[in-house]
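For reference, the chains in residue letters:
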Amino acid sequence: MKLENLAIQRLSTLNKFSSGIIRFPRVFSKLCSTFCINKKDCWELLFDMREEGMIDIVPFQGIKIK
């Protein structure tokens, strides 16, 4: 399983409690603790996920899972 797919599974648990946009603090908290990575590496993961069409990054807000 690819890291991006596992990240989407983890983030989808947060999507239940949001109105479509998962705020950045919750994203970083979930992904950094799950994969034991720092914030810089988490940004790289998010950009990779955006390039693959898995998420949209909403500037200054958070992410939306497609």
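Computed from a predicted model, the values in this text were never measured in an experiment. (Residues numbered from 1 in each chain as written. Predicted model: local features only at pLDDT ≥ 70, side-chain atom pairs only at ≥ 80, totals over all residues. Heavy atoms only, no water.)

**Q** Please provide a residue-by-residue account of the environment of S33, values included.
**A** Secondary-structure assignment places S33 in helix α2 (residues 24-35). Among the residues examined, S33 registers a relative accessible area of 52% and is labelled exposed. S33 sits 33 residues away from K66 along the chain, and the two C-alpha atoms are 23 Å apart. Of the polar contacts made by the side chain of S33, one reaches the backbone oxygen of K30; its length is 3.2 Å. (Helix = DSSP H or I, 4+ residues; strand = E, 2+ residues; numbered from the N terminus. Buried < 20%, exposed > 50% of the residue type's maximum accessible area, 1.4 Å probe, protein only. Polar contact = N/O pair within 3.5 Å; in protein donor to acceptor, adjacent residues only side chain to side chain.)

**Q** Outline the sheet that holds strand β2 (residues 55-58), listing residues and values.
**A** On the basis of which strands lie adjacent, the open sheet formed by three strands has the order β1-β3-β2 and antiparallel pairing. In this open sheet, the two strands that pair with only one neighbour each are β1 (22-23) and β2. Pairing analysis gives four bridges linking β2 to strand β3 (residues 62-65), with the strands arranged antiparallel. Opposite I57, over in β3, you have I63 as the bridge partner. (Pairing = 2+ DSSP bridges.)

**Q** Mind laying out the packing of aromatic side chains, listing which residues take part and the relevant values?
**A** Inspection of the entire model under this criterion finds four aromatic pairs. On the basis of an interplanar angle of 65° and a centroid distance of 5.3 Å, the ring pair of F28 and W43 is categorised as edge-to-face. Of the two residues, F28 sits in helix α2 while W43 sits in helix α3 (residues 39-51), which places them 15 residues apart along the sequence. Among the residues examined, W43 registers a relative accessible area of 27% and is labelled partly exposed. Among the aromatic residues, ring-to-ring pairing joins F24, F28, W43 and F47 into one connected group. (Phe/Tyr/Trp six-rings, centres within 6.5 Å; stacked < 30°, edge-to-face > 60°.)

**Q** Residue-level account of the pairing of β3, with values.
**A** Here β1 pairs with β3 via two bridges, running antiparallel. For I22, the partnering residue across the bridge sits in β3 and is I63. Between β2 and β3, which pair antiparallel one after the other, the connecting turn spans three residues, and F60 there sits at a positive phi close to 65°.

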